[in-house]
Amino acid sequence: VGVDDLMDKGTDARDVLMGKVIPLRRGFIGVINRSQQDINTNKTISAALDGERRFFETHPVYKDMMGSLGTPLLAKTLSKMLTEHIRLTMPEIKRKIDDMRIALENEMAQYGDYDGSASAQGAYILTALTAFADDFRDSIDGTMIDIPIDELYGGARVMYIFNEIFTHTLENLDPLENLTDYDIRTAIRNVAGATSGVFVPEESFELVVKRQIARLEAPAIECVQLVHDEMRRIVSQCDTPELERYPNLRGRVLELANQVVRETLAYTKETVEDLVQMELGYINTEHPDFIGASGIIQQMIHDLVDSMAAERDKENTRAGKSPARERQISGNWFGTKQKDKYGSKNLPVPGQQSRTQSTRGMDDDQPTLPSVPSQIRIMDDPTKRERVETEMIRALLTSYFDIARKNIEDAVPKAVMCFMVNKCKSTMEQRLLTELYNPDNFPDLLQESGALAEQRRRCHDSLQLLRKATQVLAEVVF
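Small disclaimer: the values here were computed from a predicted structure and weren't measured. (Residues numbered from 1 in each chain as written. Predicted model: local features only at pLDDT ≥ 70, side-chain atom pairs only at ≥ 80, totals over all residues. Heavy atoms only, no water.)

## Topic: the overall build of the chain
- On a plain count of helices and strands, the chain comes out with 16 helices and two strands.
- The buried share of the chain, taken over its 478 residues, is 32%.
- Pairs at least 24 apart in sequence give 82% of the contacts found in the chain among residues at least 6 apart.
- Carbon and sulfur atoms provide 52% of the accessible area of the chain, an area that totals close to 30000 Å². (Helix = DSSP H or I, 4+ residues; strand = E, 2+ residues; numbered from the N terminus. Buried < 20%, exposed > 50% of the residue type's maximum accessible area, 1.4 Å probe, protein only. Contact = heavy atoms within 4.5 Å. Areas by Shrake-Rupley, 256 points an atom, 1.4 Å probe, with all protein chains shown as cover.)

## Here we look at unusual backbone geometry
- Not every positive phi belongs to a glycine, and asparagine 42 is a case in point at roughly 55°.
- Within the secondary structure, asparagine 42 is located in the loop between helix H2 (36-40) and helix H3 (45-58).
- Residue asparagine 42 is classed as exposed on the basis of its relative accessible area of 63%.

## Details of the pattern of salt bridges
- All told, the structure shown has 21 salt bridges when counted by the stated rule.
- Residues arginine 252 and glutamate 255 are paired through a salt bridge, measuring 3.5 Å at the closest nitrogen-oxygen approach. Taken together, the positions of arginine 252 and glutamate 255, both in helix H11 (residues 247-281) and three residues apart, correspond to about one turn of that helix.
- Arginine 252 gets classed as partly exposed once you look at its relative accessible area, which sits at 30%. (Salt bridge = Lys/Arg side-chain N within 4 Å of Asp/Glu carboxyl O.)

## What about the packing of helix H5 (residues 118-141) against helix H14 (residues 384-436)?
- The geometry of H5 relative to H14 is characterised by a closest axis approach of 10 Å and an angle of 175° between their N-to-C directions. In this view, H5 runs roughly antiparallel relative to H14, as classed from their interaxial angle. Taking contact as the criterion, the partners of Leu126, Leu129, Thr130, Phe132, Ala133, Asp134, Phe136, Arg137, Ile140 and Asp141 in H5 are, on H14, Val421, Cys424, Lys425, Met428, Glu429, Leu432, Leu433 and Leu436.
- Class assignment of the residues belonging to the contact of H5 with H14 gives a composition of 12 nonpolar, one polar and five charged. (Axes fitted to C-alpha atoms, helices over the stretch in contact; angles between N-to-C directions. Parallel < 35°, antiparallel > 145°, perpendicular 65-115°, else oblique. Nonpolar A, V, L, I, M, F, W, Y, C, P; charged D, E, K, R; others polar.)

## Some thoughts on helix H9 (residues 217-237)
- With 21 residues, H9 ought to run about 30 Å at 1.5 Å a step, and its terminal C-alpha atoms sit 31 Å apart, in line with that.
- For H9, the set of buried residues is Pro219, Ala220, Ile221, Cys223, Val224, Val227, His228, Glu230, Met231, Ile234 and Val235. (Expected span 1.5 Å × (residues − 1).)

## A word on the environment of asparagine 407
- Following the sequence through the fold, asparagine 407 ends up in helix H14.
- Residue classification places asparagine 407 among the partly exposed positions, given a relative accessible area of 32%.
- Note: C-alpha distance between asparagine 407 and leucine 275 (132 residues apart in sequence) is 8.9 Å.

## Things to note about the nonpolar core
- Ranked by internal contacts, the top residues of the largest apolar core, which has 68 residues, are Phe132, Phe136, Ile213, Val227, Met231 and Val412.
- Where this core is concerned, the elements lending two or more residues are H5, helix H6 (155-171), helix H7 (181-192), helix H8 (202-213), H9, H11, H14 and helix H15 (442-445).
- Top contributing element to this core by residue count: H14, with 17 residues.
- Non-local contacts of methionine 231, meaning those with residues more than four positions away in its chain, are made with Phe136, Ile140, Val261, Met420, Val421 and Cys424.
- Counting residues in each nonpolar core, the second largest holds 10 residues, with Ala13, Ile32, Phe55 and Met65 among its members. (Core = buried A, V, L, I, M, F, W, Y, C linked by side-chain atoms within 4.5 Å.)

## A word on the side chain of glutamate 409
- By the element assignment, glutamate 409 lies in helix H14.
- It is arginine 405 that comes nearest to the buried, bridge-free glutamate 409 among opposite-charge side chains, at 4.6 Å.
- Setting aside anything within four residues of it in sequence, one finds glutamate 409 in contact with Phe166, Thr167, Leu170 and Glu171. (Lys, Arg positive; Asp, Glu negative; His and termini not counted.)

## With respect to the side chain of threonine 271
- Along the chain, threonine 271 falls in helix H11.
- Residue threonine 271 is classed as buried on the basis of its relative accessible area of 15%.
- Leave out the neighbours within four places in its chain, and threonine 271 touches Ala415 and Phe419.

## Observations concerning a nonpolar patch on the surface
- A cluster of nonpolar residues, Val21, Ile22 and Leu24, forms a patch on the protein surface that exposes about 280 Å² of accessible area.
- Relative to the helices and strands, leucine 24 is located in the loop between helix H1 (14-17) and H2. (Patch = residues over 30% accessible without salt bridge, like charges linked within 9 Å, V, L, I, M, F, W, Y side chains within 5 Å.)

## As for a positive patch on the surface
- Together, Arg25, Arg26, Lys76 and Lys80 make up a positively charged patch on the protein surface.
- Note on lysine 80: relative accessible area 65%, which makes it exposed. (Charge placed at Lys NZ, Arg CZ, Asp CG, Glu CD.)

## What to know about the environment of leucine 152
- Position of leucine 152 relative to the elements: it lies in the loop between H5 and H6.
- Judged by relative accessible area, leucine 152 falls into the partly exposed class, the value being 45%.

## Points about helix H16 (residues 450-475)
- Relative to the 38 Å expected for 26 residues at 1.5 Å per residue, H16 spans 38 Å between its end C-alpha atoms, a close match to the ideal helical length.
- The set of residues buried in H16 consists of Leu452, Arg456, Cys459, Leu463, Leu466 and Leu473.

## Details of the packing of aromatic side chains
- Per the counting criterion, the structure on display carries nine aromatic pairs.
- Ring plane angle 45° and centroid distance 6.2 Å describe the contact between phenylalanine 55 and tyrosine 62, whose orientation is recorded as tilted.
- Take tyrosine 62: its relative accessible area is 1%, and that puts it in the buried class.
- Among the aromatic residues, ring-to-ring pairing joins Phe55, Phe56 and Tyr62 into one connected group. (Phe/Tyr/Trp six-rings, centres within 6.5 Å; stacked < 30°, edge-to-face > 60°.)

## Some words on the environment of alanine 218
- By the secondary structure assignment, alanine 218 is in helix H9.
- For the pair formed by alanine 218 and valine 276, sequence separation is 58 residues and the distance between their alpha carbons is 9.8 Å.

## Examining the confidence of the model for the chain
- Taken residue by residue, the chain gives an average pLDDT of 80. The fraction at 70 or more is 81%.
- Of all secondary-structure elements in the chain, the lowest mean pLDDT belongs to helix H13 (residues 355-359), at 49, while H9 reaches the highest, 96.
- In the predicted structure, residues 325-333 sits below a pLDDT of 50 and forms 19 contacts with residues beyond four places in sequence or in another chain.
- Ignoring residues within four places in sequence, the model shows residues 336-355, a span with pLDDT below 50, making nine contacts including any to other chains. (pLDDT = per-residue confidence, 0-100.)

Here it is as structure tokens:
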């Protein structure tokens, strides 16, 4: 309470100072403030304090209240209250300052808190390249710390391509797709050539099965391309904080990483193509899972021959002829092309005259044969033998196609992992260091934008202030 020394005689502020008018928890402290005249006359603070002390000591009402009066007492009381408040709030203040300091230190670490020397620049680039290579490898292996849990990521997406896309696509392939019974009949006749064999030529089976196995190449190559695209996706997601500050460094790292992935594409495709060519290069009819090697087809042949012989016997019996002899069956269901029993086609067969000799002297008005069409297609209905042969080819084709499909399903993911995924993992860090860790390129790679440099300066200044505040608080003793 400001006590005016110019109050009228008989009036005072004793009751107010004693809390009788307005009671306060901490009470009142009476002081005498400088008047406007004191200010105009430039009365000093020390003179004002002396005048205040003399007034309270000589005033008949206030002289017995000196323990609760005076500006020095007010200053001491306020200082004590402030100190108590600081003591109570000091732990929270320290905690907030520490949190702000740690946040700024982390931000400064992202900006690259180095002195700009070649060694410091080299250390930063080495750290950035190593961090990128580690993130790339961890993304594929699934060992990232902050790996997402709401969707597949990194290497899990590669496995999805193998197991869900590639394998399911091959499993859904129909071994007989785009292959009609007419195609099989035509193949059998073409392979037989100018002979009429007893059994189905083996070449006809190989002809149609190779055509169907070749269909596995397109999805295999597409699988390689899908994994390649996924590897590039992983590269783009490995944008580490160390690279965000420097656009030149980030651009060169991403460009070189994509180049490492791209360089594995051609060789991996060639390897996968070779896997399919290996299946086409040798048709292993002795494979244990192939039904043609198990005797089933031989039994089908015997059943077919017995059925045909029985029908001919019935026909011969009805016609009054003797039954036909039982046909002998060889151990293998496949037949070979029949050679002319007289050897070379150029040698005449005994009893056979040349066309020129047989037609010599004939009249010009004899019947003539029609011309041979440029394209000949089978128009007649299949015989029972052709139907059975077609069914056998279909069964054999389905069996062997499943074998080739399983081989490709197993071999293609192995080839892609070996020659693309694992190779990129093992060579990424070495390639980055070899291409980019060059002291001559450090200034260009670590060139930052003006706005980012200003952010770094402000962060540095704020961090220095917080460190000083932490030091001051540590020195405070209550």
